[in-house]
Structures are given as C-alpha cells and as structure tokens.
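Here are the chains, one letter per residue:
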Amino acid sequence: MAEAAPQHLSLPSGLLELCALLGASRDSLRGLEQAAQKKGVNDLSSLDPEVLSVFVPPFVSTEDSQVAGASCTALGKARKRSFRKKREKPKPEPGKGLLGDPRVLDSEDISIPGGVDLLALPQLCFPGGVCVASEPKEDQVHFLVLTDVCGNRTYGVVAQFYRPLHDEYCFYNGKAHWEPTAGCFVPFAVCVVSRVPYYNSLKDCLSCLLTHLKLCKDFEVDNPIKDFAAKLSLIPSPPPGPLHLIFNMKPLQVVFPSRADPESPVIDLDLHLPLLCFRPEKVLQILTCILTEQRIVFFSSDWALLTLVAECFMVYLHPLQWQHTFVPLLSDQMLDFVMAPTSFLMGCHLDHFEEVSKEGDGLVLINIDHGSISYSKSSDGDVNIPDLPLLAAQTFIQRVQGLQLHWGLHLAHRSSSTDLNEGRAHRRAWQQKLNCQIQQATLQLLVSIFREVKNHLNYEHRVFNSEEFLKTRAPGDQWFYKQVLDTYMFHSFLKARLNRVMDAFTRMDLNTQSEEDRINGPLISPRRPTIEKMASRKPSPLHGTRRRMVVSMPNLQDIATPELVPGNSLLRLMDTAGCRGSGTVLNVSPKSTYTFKIPEIHFPLVSQCVQAYYSDFVTLLSKAINFLAPENSLLLARYFYLRGLVHLMQGQLLNALLDFQNLYKTDIQIFPADLVRRTVESLSAPERTQAEQTPELKRLLSQVLDQPGEAPKANDHVKNFELPRKHMQLEDFVKRIQESGIVKDTNIIHRLFEALTVGQQKQIDPETFKDFYNCWKETEAEAQEVIVPWSVMEHLDKNECVYKLSSSVKTSLGVGKIAMTQKRLFLLTEGRPGYVEISTFRNIEEVKRTTVTFLLRRIPTLKIKMVSKKEVFEVNLKTECDLWYLMVKEMWAGKKLADDYKDPQYVQQALTNVLLMDAVVGTLQSQGAIYAASKLSYFDKMKKELPVAVPKTTSETLKHKIDPSAGETSPQAIDILLYTPGHLDPAEKVEDAHPKLWCALNNGRVIVYDASSWTVHQHCFKVGTSKLNCMAMVEQNQVWIGSEDSVIYIINVHSMSCNKQLTDHRSSVTDLIVQDGNKAPREVFSCSVDGTVLAWNVSTLRVTSRFQLPGGGLSSIRLHGGRLWCCTGNSIMAVTTNGFLRQELKIEENFGEMSTSFLAFQLLPEQEQLWAACAGYSEVFIWSLKDLAQPPQRVPLQDCSEISCMIRVKKQIWAGSRGLSQGKPKGKIYVIDAQTRSVEKELVAHADAVRTLCSAEDRYVLSGSGRDEGKIAIWKVE
C-alpha cells in the first residue's frame, strides 16, 4: 500500500470543484398536483429552486483507505463530501443552515469551494425560474461564470432535464415505483463547477449523465450523480501544450483540450459563434465597446449563447484581459445588477430588453438574436463609441469574410460517418482549425492597433509617453485611442510590454514586423521615415478618399435612432485594392495535437478501484514514455507532468518529484514550481533523507529550500510622461531625457546638459526643458511630413532618411533647400522639384565658413570642398550658416571615424549629436546658442584630438564592428561569443538558415545576429539572470549556454527560447566541449568551477559519466586524443574521459619566482604543443606534449599587459589582451604564427580589454570587448 502523504499537502484537484443537483423544494411541490388539476399547468406560477444535493471531492476518505490521492487535502480532518436534503425535519429556525434553512444540511461537515455561492447557484441554474411544463421538454444546457471576491473565476455547466410530477415521498424516499401526474413535468438541474472553462467537454459529460439518469427506474438519483462527480474529480487537467486527454464517458469519448501555452486560455468553445450572430462590422463595434470598457449587456432568448458569445469576445482580445465585473448570465432576480455604476459585461434574457433599455443608464445593449447594437434609452447621448482604426478594421473584415464558417459546407463532399465518435473527431478537427484562424485574425487586429505603442515606452523608468503616441495617430483614430488609453485593460497591457512578456501579442508582433523594424527594433533613435516608407505612403486618390472618410465619420452621439449605426458602415462598400495583400485569410494550420486516453474508472467511490485506476494510469503513461524517442521532448514533458500528478495522488512523493525534475530536460515552461515546493516541504524525515541521497533530487531540494522567501514585488506601476516642474540637477535631467524618449545614452545626455547650461548655474529650469522638448518634438513631427518627390527618391537609398532641411537658399548649384541624410547632402531645387547632389560625407575634404558681400551686406556662407570635384560648393545660409557648419563637420567626422573603425554606429551617433545641436539652438535662441551647440560636436573634437590614423595592419584586417549596446543607456561588456554556421532546414524560414553570431551580455542577456549581413536576427532575450560563461552549438537546432548560476540552458534556435535546463552542476559552469566526429550518440562535456566534469548524452540529456578534479578552480577544458585537458588555474591536467590522471603541468614547477595562475590555453596536436597564458605575464608559453617537464618556450608580446583569451585559427594562435597603443590602454589582439612562433600581426582592437574571441569557419575572427566600449569587432583571417 502506498504511503499516505502528509495532511497539510493540498493536492491539485481534478476537473471537478463541485457537482450539485438542484430543483424545486419539497414544500413547493406539495399540493402541486391539486393546483395543476384546478388551474391547469399553464397557469401555475414559477417555483423556487434550491440545492437538493452537493458533491465535493475527494470522495474516498482516510477511513476507507490509505490511498493518498483520496485523502490529502488542506483540511484538518477527513470529511464527508456530499450532503442531501433531509426527508423529515421540524420547522426551521431562521438564520440556520447553509441556505438559511437547516433542512438542507445534515450534521455532515462539508467544505464548499471558494467562488461558489450556494445561495445564488439555484437562481443561476434556473435563470428563468422553475417552470412546470404540461409536456416533456428537451434537455437543455447553459453555462455560468462564477467569480470570487479575489477575482478568481470558476466555470459552471448546467444541464436541465424534466421529470413527471409524482408523489413527493416516492421521489424523496426513492421507492421502486411512482405514480406520475398526467401532463405535469418538473425540471431538475445538474450543475458541474470546474476551475477550467471546459464548456463543450463538460456539456458532453453531462449529456452522458442524463442518459443514465433517464434509465433509473427509481428517482434516487444521488448515486449516479455522485458516481459521475467522483469520476470527474479523478481526471487531471492536461498541462499546457499539444497533449489532449480523452475519457470514455459512455457513450461518448470526451476530449479535454489543453491550453496552447501557460499564458493562453483553455479554448473549449466554438469561436465562430459571434461571427454567425453578427456582421464583421458589428463584431468590431463590440470589440471597441470592450476595449473602451463600456457598460455592456448582452441579450438572447437562448441562455447558453449569453455565456458562449461573451467568452468568445474575451478570447478575441487575448492577451488583453477584461478587468471589470464579468457576469455573462443574470437570472431574472438579478436584473438590478445592470444598475451598477462601474464598467461591466453582463447578459440577460431577451424578454428583459425593453425594461433594461428603459431603466438602464449609459448601457450598450447587444442583441445576439438580432445581431444588433443599441443604447439604453436613458443614455441621452452620453455613450460615445469610437471607431476602430480604419485600416486595421478593413483588414479584419476581409479576413473574416474569407473564413469558412459553416460545418455543413465542409461536409458537402464527405461521405456520411457511420461512427459517432469518428464524426465528432472530424468536427473537432474542423473547429480547431477554424478557431486557430479566428484567433490569428483577432490577434493581428490587436497588433495592428497597438503595434507602435512600444515606440513610446521607456523601459528603464517604466514610462509611457501617451501624448506623443496620440500625436502619431491619424486624426480620425485619435478619439478611439484617447478612450482606450485610459482603461484598466490598456494599463495592464502596458505593464506586460514594459515587463517584456513574451505573450501571443509579442510573438505576433515579431512575426509580422517589417524587415527594417526587425533589424532596427528599438535601437534606432532618433526615428525618421525612410525613403522606402515615404514611397509606400505616397498619396493616391484612394488614399485621400480614405483619409477624408476617417475625418468625416459621423459622431455616434448625434445618431437619434436606438440602433447603433457603425461609423465604419461604408467599409464593406469601399474599394479594398489598397490593402488586399494584407487582408487575405492567413493559411494558418493549428499545431499538431496528440491525445492520451485516460483509463476507465469502474467504481470511483471504492478506494481499491481508485488505487487500481491510478496504477493503470501510471502504467499507460510509463509505456508512452518508453515508446517515445528522446527527441520528442515536447510530448515526453506532458507525460512526465501527468505521471507526476498521479504519483502525488498515490502518495508517492519521491516518484512525483523525479517526474517533475525531468521537466527541466524536456520542457521547463510547464514546471509546476509552487506544487513542487509544497511537495518538498511536506516530505517526511525518511523521505527527505532518501531524496538527499538521490542525485537527481538533491539539486531540486536545494533549489526549493535554499531560495529566499518571496521577495516583495517591485513597483511595476506605469508612469505617464510629464514635463518636469522643478529645477533639475544632472542626475534628474538624465532621467527626464531618458523618460522622454529623446535619447538614452548617458554620455550624450551629459554633453547635452553642458550645452544647455553654458555660462550659468549647472541646473536646468522647467521652462528650458519644456522649450527643448517641444523644439525636438516639433522637428520630429516636421520630418514626418517631409514630402520627397518621386524624381528625388530615385537618387537615394531606400534606408536613407531626410534629417534636416534648410530654408530656401541661393547656392552655387541653384536655388533650393539643402537636405541632409545620414549619407549625403543634396539640393532640393525649387520651382520644378529636382535633385542635385552636393556630396556624400565620405567625399568631403574641407568645410569652411566665410562671408560674401552683396549690396554692401556681408552674407554668411558655407563652403564645402570635395575630394572628387574641383568645384567648391558654396551656399548663402545667412543666419543658419553657423549651425550648418557645426552639423556638416560633425557628420563628416562621424563618417570618417565610421570608415576608419568600420563601425557604422558612429554615423548614427553623429546624427543624434546633430539633431541635438539643432534643438539646442532652437531652444536657446541667443548669441551663445552656437557655442552651446558646439559642446555636442563630439566626433569633430575627437577627430582633432586623435589625428593619428588607425594602424594600417588593424585597418586592413578589421572588416566591421557591431554595437550590441546600441539603444542602451551605457555600454555593456561582451561576456561570450559563438558563431553557428548556416544550414538548410525545411522547417525554417529562409533567414533562419543563415549563419548566426550569438552574443552574451550581462545578467543572462543574449542577442543573435545574422552573420550573413551582421544585422540583428533576434533582439535581446533572457537566459537566466546570471553572467553567462560559455556557449556551444551541440546540434543544428540546439545551442547550450553555461551560466554562473550552475545551470546549462538549452536554446531552441528556431524559436529562440529556452525550454530545457540541465541542473546537475553545483557551481558555476565554465566550459562546454562538443565531441567531434560522427560517433553516435554524440556527447558533450561540461565543467564547473568546483572541478566537476560531466559527460552528457545529447539525445537523452542524461549524464553518462562524471568525475571530480581536486582543488577546484576549473576554468576550461579541451578534448584531444580521447583525453580531456583541464585548466584549473594551478595546473593543466590530461585525464581520461572517466577522470583518471595521465599528465599534469603544475604551475609552481615552472614559475617559482612569482605567484601566478593559468588564464587560458590551447592545444596544437599537429605540433604536439600546449600554448598557455599566465596571469601577470605578457608572454605566451609553449610546452611540448611529449614532455611537460621541459621548460617552456616563450613568445613575448610587445606592449601587452596581460592575455585574457586565446583561440586557434588555422595555423595561427589569436591572443586577446589588454595592452598599450600610442601610450593609451587598449584592447589588443596578437596573431602568432604557430610554426615560426612569431607575432605576425598586432591589432588595436578595442578601447577596452578583449574579453572573448571566437572563429567563424576559420575565415573570420570575432572579438568582444569590456564594458568601457562593449563592441564586437570582425577580423579577416589570412
């Protein structure tokens, strides 16, 4: 017999929270026969319903069995889990009993789940009252949503069935015979309450129950209902993912679907129901009402549709969530709820439409049966529902119109199914695909509405600049956004964006963004429209019509008719050619799903049968696990999860923990952290001891027990950007500028502070800040409105932006406006618009200020001399001359530095400096404004102060530089780099098949670059929260990352997500080595700083061998000739893969004169050499592998302070270091010929020490620097 779990472990419940039988009370049925005979059934008034019986799990107590799953509850003692109305009771005393009536409860002790109000339940189960019928009626089902005081929801499915009226004692005593009253039928209801919204599944289950109840010869229905409830309570909820559970409820095979991922809702309803009830325009209006948090009431003559349609709209808006009262079904007695003053979404019977319309105030009334929307009559025009943004609405309508919504049309070509469950399976598959298409359409609608919100967020200070966001919206859309931005729903959405939650919205945004946005992301600042975007938005007659339509949409409050005419009613009549490409239905197929059949539960109220059910469940799951290949980790994780739950029910806590531990290696996303913690805390002393002796569980226990108590939640409040009201010192000014979204870089803001405070006290007053902010934003807005003629666009690159336009001036090339892009200066000629190129910044040789005399006036003039032209360009800029002089020189210097250092980020930074100069001059508008702006001429000054060119060898070898810290407030150190070659995989997108560069920054942040173009492939994602030490490509679809927190994270290169973790190390993971060759199965060796070395089977992710090196300090390993070479700081050891020592190089035997340690080493098998670097030495040491006792040869490195990293490339050793160049500390790379042992190249790589090196197919070497610079350099290998 299984050991019982401790009493205080509250086990996860199955599908069932509560099951109840409801109907008319015995008193109300007394004498009903005589009343029916006198008045007739049709004249009988409605009866009052009450709860007749309640059944709450668990149904098998400790007195019956030691089966843990039946007895482990949070309760202090075993309790009977049902009650039944008593047959005989004296007259009640008021105020007693669960329902205010002591007859309802026996002396039995029962706990009702929170959120289930037994007082309100009868009204909800009989929302129209208990109506006696003159003839039998069909069974009916409707649905409930119950909410507790904490806002937690439970879901109810109610099945009503009719029985002939008979002698009450026959009914309540369960006699074997009964005497029906002719023509009189009374309704009863069975209600099932679950924490999961299994609407269709529980409807199927209740339908099966009703067939059994109808076969009962007597009317003692408690036993079959209790048996039914006990079965449901033993069925676990499937974990998130592709595995659905099937249970044979006889005669139906009932499917319980899982949620798609941990953040998604369970969808067990037909999402196309609203699209059958409403035209697409009406659906959009209802979504707008929900997004603007109106007071909404649904109406229908079908009780079931109220909840189903309301829930569909909740799914449509996922991941946005309705934050207010949600009661989709109100009984006739609850109509006063619609008088609530706050936002709500409720539903009631269509019979009450006129009453609610007349009495309600400011209500939006949605008639499901008629597909109409109107206002309550007392609204007096107070309800103003805006229109959704037009293009988003149009696209959605087109997608919906392309959906196949009718099952009958799908069936037309199919033969009739002769098997009930086969036909149901076909219907489910069709519905699943349709649901997926609808979810995609609604999610794309949300993304198109809110995509640009992220451009106005400041993540560091959690600020949203709503005012600037609104300015970027079309005039006709601003009313909509103004209302939405003030809602709780949108505020919660903002929190998720600022927390960088990877939810459905974020994934869709990433999947549908343009190539330009994908590459630039949040990095490019300031933003300006590119030539490509200008071309795409060039006005056409159709575009103008659309814009006019948006502006001229009728105001809804002016419409006198009760029916709410959609402002976008002309959408269907419009020519949709302009957005046809985006309006087609996406050919989206639902992800593959799998099913697992739960074993039969024969006698769920008998403890031995329950135990047998658990055993069968574990056996089936174990067979499924053994049958699956290790590569199918997604499905394996779901089986482990379910088996862990069943083991918990059996009381086998250690087995349960082992199953949950396996989730680390299969899918960490579904790891039930809270349940595991409670399980560990409830272990008995012997179990704790046994767990400590089990390697797999020892780490799990330490993780759970050693982690600190729940930290107080950080303030996740979202602030709206506001201009400052007080004087600002430097620190506050930096924060305010970052919040405003103008610029993030702290060093640039420091220079801006200097510019704005020239010649005065070092603080900035609110007026100056306001003037500067307004000047910047006005310039930004003007840039958005710049119109570049088609004839000019043809001469510019598609990614060029016009950043600055002068006033109309006279030049040596004609009259026009000087335009500046990030690449060139050109003249936008007047009269007939034309393009005349002045010069690219690369081609400028000299820039001068001078004056020319005209009519006795001296006019300031700018002269630009080009390298490739003899003619000097001259322009009379008048008052703008000094500013343009500063700007052109800064851009020229930025381009020169970008070319010298192969770093395009210099140009982007120069642009930022130039635009800040422009804003400073516009703000100060004084004689000293130009001098103040000159404080921002950073690159021009750098060019003057550093006239010495980049060393020739460095310039020739350096190919490109990348700045992973672009868009951050300050540079970040590059901790590790990894290059992964490209490969063709049919499962991948084309861009996913390109080679990649993986870059690890601080605190577990990783950025991935496309190594074919050196552009961003995947913006920053998190891998834990600690420093990352090593990375390795293990398979084509896997990258392993070792972390300071002792975990190895496994990244799926397709999804760029971490769903697996290896947790066998006990200290910082320092290196990973992949076994070469085609040996199967492949192995990976990992090491940690405490001296532990583990060998992993890549396929099973199991440790195949482990050993411990003495002394610790293990920093790196290499694999050669079947031996592992391990660097521990004090020595380098060659050991077998089982840990037996074969050779050792001790540091004290070679460096007796001073204490040092090994920093890095490389093996050269062809030369049988070991190359190493030591702390405090500026030399590379070379030992012969034949005899490590021989003194090493030394290769001195000129101007080197200390070597930090080494890699082997072809027949060269590249050593990264900290050294001196031209007397200043720099990060240097020494390229050493392995045969001649001489330095071939000395490369001045970075402004900070070189921290990491990696090779790209021996064609390029990539180097990463420390935090003072934080850049990646790409070097050509010769």
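This structure is a prediction, so every number in the text was calculated from the model and none was measured.

A few words on the overall build of the chain. Helix and strand content of the chain: 38 helices and 52 strands. Counting every position in the chain, which comprises 1278 residues, the buried fraction comes to 56%. Long-range contacts, defined as pairs at least 24 residues apart, comprise 60% of the intrachain contacts of the chain with a sequence gap of at least 6. As displayed, the chain offers around 56100 Å² of accessible surface, 50% of which is attributable to carbon and sulfur atoms.

Core analysis: the biggest nonpolar cluster contains 204 residues, and Leu232, Phe256, Ile290, Phe298 and Phe450 have the highest contact counts within it. Ranked by the residues each element gives to this core, the list is headed by helix H10 (residues 303-316), at twelve residues. Among all residues touching leucine 232, those that are not within four sequence positions of it are Gly14, Leu15, Leu16, Val192, Leu202, Cys205, Met249 and Phe256. The next biggest cluster of nonpolar side chains, apart from the first, holds 66 residues, and it includes Met728, Ile737, Tyr773 and Val921.

Attention shifts here to the packing of aromatic side chains. Scanning the model with the defined rule gives 33 aromatic pairs in all. Between the aromatic rings of phenylalanine 469 and tyrosine 481, the centroid separation amounts to 5.3 Å while the plane-to-plane angle is 85°, which identifies the pairing as edge-to-face. Residue phenylalanine 469 is located in helix H15 (residues 466-471), and its partner tyrosine 481 is located in helix H16 (residues 478-485); the two are separated by twelve residues in the primary sequence. Each of the two residues, phenylalanine 469 as well as tyrosine 481, counts as buried. Where phenylalanine 490 meets phenylalanine 493, the ring centres are 5.8 Å apart and the plane angle is 35°; that geometry is what we call tilted. With a gap of three residues between them, phenylalanine 490 and phenylalanine 493 both fall in helix H17 (residues 488-498), about one helical turn apart. Members of the aromatic cluster, joined through ring pairs, are Phe450, Phe464, Phe469, Phe480, Tyr481, Phe490, Phe493 and Phe505. Against the face of phenylalanine 1161 rests arginine 1118, its NZ or CZ located 5.4 Å from the ring centre.

With that out of the way, let us pick up the packing of helix H31 (residues 746-756) against helix H35 (residues 905-924). Contact geometry of H31 with H35 gives a least axis separation of 11 Å together with a crossing angle of 25°. With respect to their mutual orientation, H31 and H35 come out roughly parallel. In the crossing of H31 with H35, the sense of the turn from one axis to the other is right-handed. Residues Ile748, Arg751, Leu752, Ala755 and Leu756 of H31 touch H35, and the partners they reach there are Thr912, Asn913, Leu916, Val920 and Leu924.

This part is about the environment of leucine 1188. Examined against the element boundaries, leucine 1188 turns out to sit in the loop between strand S44 (1179-1184) and strand S45 (1193-1196). Other than its neighbours up to four places away in sequence, leucine 1188 contacts Trp1125, Gln1143, Glu1144, Leu1145 and Trp1183.

Right, let's get into the pairing of strand S23 (residues 857-866). Pairing between S23 and strand S24 (residues 872-876): four bridges, direction antiparallel. Across the sheet, residue lysine 863 finds its bridge partner in S24, namely glutamate 874. Between S23 and S24, which pair antiparallel and follow one another directly, the connecting turn spans five residues.

This next bit is on the sheet that holds strand S14 (residues 457-458). Adjacent strands of a sheet pair through backbone hydrogen bonds, lying either parallel or antiparallel. The mixed open sheet is built from three strands, whose spatial order is S14-S15-S17. In the strand order of this sheet, the two ends are held by S14 and strand S17 (719-720), each with one partner. Judged from the two bridges that link them, strand S15 (residues 463-464) and S17 form a sheet pairing that is parallel. Across the sheet, valine 463 pairs through a bridge with lysine 719, a residue of S17.

The next thing to look at is the side chain of lysine 1271. Looking at where lysine 1271 falls in the secondary structure, it is placed in the loop between strand S51 (1260-1265) and strand S52 (1272-1276). Ignoring sequence-local partners within four residues, the contact set of lysine 1271 consists of Asp903, Tyr906, Ile962, Asp963, Pro964, Ile974, His1246, Ser1263, Gly1264 and Ser1265.

Moving on: the pairing of strand S48 (residues 1224-1233). Burial runs high along S48: seven of the ten residues are buried. Both strand S47 (residues 1212-1221) and S48 contribute to a ladder of ten bridges, which runs antiparallel. Within the sheet, the bridge partner assigned to serine 1217 lies in S48 and is lysine 1228. What sits between the antiparallel neighbours S47 and S48 is a turn of two residues, in which glutamine 1222 has the positive phi angle 55°. Here S48 runs beside strand S49 (residues 1238-1246); their pairing, made up of seven bridges, is antiparallel. Paired with isoleucine 1229 across the two strands is leucine 1243, which belongs to S49.

The next thing to look at is the sheet that holds strand S28 (residues 1005-1010). The antiparallel open sheet is built from four strands, whose spatial order is S26-S27-S28-S29. In this open sheet, the two strands that pair with only one neighbour each are strand S26 (976-980) and strand S29 (1015-1022). Shown here is a sheet whose adjacent strand axes are inclined to one another by a mean of 15°, direction ignored. Pairing of S26 with strand S27 (residues 996-1000) involves five bridges; the strand directions are antiparallel. Residue pairing across strands places threonine 980 opposite lysine 996, the latter belonging to S27.

What counts, and at which threshold
Residues numbered from 1 in each chain as written. Predicted model: local features only at pLDDT ≥ 70, side-chain atom pairs only at ≥ 80, totals over all residues. Heavy atoms only, no water. Helix = DSSP H or I, 4+ residues; strand = E, 2+ residues; numbered from the N terminus. Buried < 20%, exposed > 50% of the residue type's maximum accessible area, 1.4 Å probe, protein only. Contact = heavy atoms within 4.5 Å. Areas by Shrake-Rupley, 256 points an atom, 1.4 Å probe, with all protein chains shown as cover. Core = buried A, V, L, I, M, F, W, Y, C linked by side-chain atoms within 4.5 Å. Phe/Tyr/Trp six-rings, centres within 6.5 Å; stacked < 30°, edge-to-face > 60°. Lys NZ or Arg CZ within 6 Å of the ring centre and 35° of its normal. Axes fitted to C-alpha atoms, helices over the stretch in contact; angles between N-to-C directions. Parallel < 35°, antiparallel > 145°, perpendicular 65-115°, else oblique. Left-handed = near helix turned anticlockwise from the far one by under 90°. Pairing = 2+ DSSP bridges.

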